Amino acid sequence: MDIGTRDAVGPKPGSGNVQPRKLLLRALAGERTERPPVWLMRQAGRYLPEYHKVREAAGGMVGLCTTPEHAVEVTLQPLRRFPLDAAIVFADLPQVAAALGQTLDYRVGEGPVLTPPVRSTADIAEFLSISRLHEELAPIYETVSRLTRALPAETALIGYAGAPWTIATYMVEGRGGAASEHSTVKQWALSDPDGFQPLMDLLTTAVTQFLGRQIEAGAEAVQLFDTWAGVLPDVLFDRWCVKPAAAIISALKAQYPDVPVIVFPRGAGLSYNGFAEATGADCIGLDSTVPLDWAARNLQGALGRCVQGNLDPQLLIAGGPALHAETERILRGLSGGPFVFNLGHGINKTTPIEHISAVVEQVRAWRTPAV
């Protein structure tokens, strides 16, 4: 597939003057499309050999994310291999934390490391400031702007940010991933919720502004990743996951009413339904544990929401008949309503490229049954 220039950039996002034509935007608007649009979380990244060459040229992950030329290139790489319906801007979730004042580094075997860790309300006041946010994140806005001119006319552009709770886990633990068990951030949130609240308020404001600037730069939809929503006990899920997401979406909708918002509350379990209803998200990303019939009945049916998901990334590694059968099952299970085909989490670095090609071809060949 050629990566050319759009015929026209089109109206400013959120203007409300044009009916969305791109397949992804139609699905996010609540339309049951002739086939589901397909894109994949972490579709740009470590499983592609060409990605590693650009990362090396950029001098590492920080340079890759903060140099628009490189970030645009790695965003476009998967589109050259697979006929995907959307691109998602290449950036990394902890960049918001770094823009607020922490130092971000990537260490071999550890991933992102943020110093000094935030462990008290005094830390928040001492070295975190929203005043520097947009200056630090300007390269991402430039990347979005360049992508609006580089993408094919039929390909939608998705902006994104981590949700406040998930970014907070990085900032407090000082690193990402499950290795930390999130014990420090959970102890703070559980034992001193009023002291933890200022960090969440700061992040809610920062994420709202960050997504708004991406929309201004040309993002046609945005996704909010709450990767660690599932580690919270039920008693705190509403305060730290639902309410911040609802506040962010409400603020974005007030300014950009026609720009759809996807939210991925990974591991939310039985709370998915209440989360979808309370936040007002246009589309709910499903992790791989969510039963298809439940999602079809409660999210697509009762709430009328678009759903996105939810192929297990491990099946994408395994390939073969099992991958084909599960892809077929998801297509049949969720094509009764508005639906975006995706994974239940991101592509693993060991995923064979030919398995991704097979899935994308299978989804694109699918035709939604008549009602």
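Structure: see above.
None of these values were measured; they are calculated from a predicted model.

Right, let's get into the pattern of salt bridges. Tallied over the entire structure, the rule returns 16 salt bridges. For the salt bridge of Arg-26 with Glu-31, the shortest nitrogen-to-oxygen distance reads 2.7 Å. The exposure class of Glu-31 is partly exposed, given its relative accessible area of 32%. The closest approach of N and O atoms between Glu-136 and Arg-132, which form a salt bridge, is 3.4 Å. Among the residues examined, Glu-136 registers a relative accessible area of 37% and is labelled partly exposed. It is possible to trace a salt-bridge network through shared partners that takes in Arg-26, Glu-31 and Glu-34.

As enumerated under the stated definition, the model contains 9 aromatic pairs in all. Taken together, a centroid distance of 5.2 Å and an interplanar angle of 70° make the contact between Trp-188 and Phe-196 edge-to-face. Neither Trp-188 nor Phe-196 differs from the other in exposure class; each is buried. For the ring pair Phe-237 and Phe-275, a centre distance of 6.1 Å and an interplane angle of 55° mean the geometry is tilted. Note that Phe-237 is positioned in helix α11 (residues 234-255) and Phe-275 in helix α12 (residues 272-279), a separation of 38 residues in sequence. Judged by its relative accessible area of 1%, Phe-275 is buried. By the ring-pair criterion, three or more aromatic residues cluster together here, those being Trp-165, Trp-188, Phe-196 and Trp-240. Just above the ring of Trp-228 sits the side chain of Arg-266; from NZ or CZ to the centre is 5.4 Å.

Within the open sheet, the 7 strands sit side by side as β1-β4-β5-β6-β7-β8-β9. Their pairing is parallel. The open sheet has two edge strands, β1 (86-88) and β9 (339-343), and neither has a second partner. If you compare each strand with its neighbour and ignore which way they point, the axes differ by 25° on average. As judged from the 3 bridges shared by β1 and strand β4 (residues 156-162), these two strands associate in the parallel manner. What sits directly across from Ala-86, in β4, is Ala-156.

Turning to α12, its buried residues are Tyr-272, Phe-275, Ala-276 and Thr-279. Along the axis of α12, the buried residues cluster in a sector spanning 95°; they form a single face. Check the buried side of α12 and you find it contacts α11, β6 (261-265), β7 (283-285) and α13 (292-302). Among the residues trailing α12, Gly-280 stands out with phi positive, at a value near 75°.

Turning our attention to the packing of helix α7 (residues 133-150) against helix α10 (residues 193-217). Between α7 and α10, whose axes approach to 8 Å, the crossing angle comes to 30°. Overall, the two elements α7 and α10 adopt an arrangement that is roughly parallel. Judged by the sense of rotation from one axis to the other, the crossing of α7 with α10 is right-handed. Here Leu-133, His-134, Leu-137, Ile-140, Tyr-141, Val-144, Ser-145 and Thr-148 of α7 lie close against α10, whose contacting residues are Ala-206, Gln-209, Phe-210, Arg-213, Gln-214 and Ala-217. Of the residues contributing to the contact of α7 with α10, the split by class is 8 nonpolar, 5 polar and 1 charged.

Calculation rules
Residues numbered from 1 in each chain as written. Predicted model: local features only at pLDDT ≥ 70, side-chain atom pairs only at ≥ 80, totals over all residues. Heavy atoms only, no water. Salt bridge = Lys/Arg side-chain N within 4 Å of Asp/Glu carboxyl O. Buried < 20%, exposed > 50% of the residue type's maximum accessible area, 1.4 Å probe, protein only. Phe/Tyr/Trp six-rings, centres within 6.5 Å; stacked < 30°, edge-to-face > 60°. Helix = DSSP H or I, 4+ residues; strand = E, 2+ residues; numbered from the N terminus. Lys NZ or Arg CZ within 6 Å of the ring centre and 35° of its normal. Pairing = 2+ DSSP bridges. Axes fitted to C-alpha atoms, helices over the stretch in contact; angles between N-to-C directions. Arc of directions from axis to C-beta. Contact = heavy atoms within 4.5 Å. Parallel < 35°, antiparallel > 145°, perpendicular 65-115°, else oblique. Left-handed = near helix turned anticlockwise from the far one by under 90°. Nonpolar A, V, L, I, M, F, W, Y, C, P; charged D, E, K, R; others polar.

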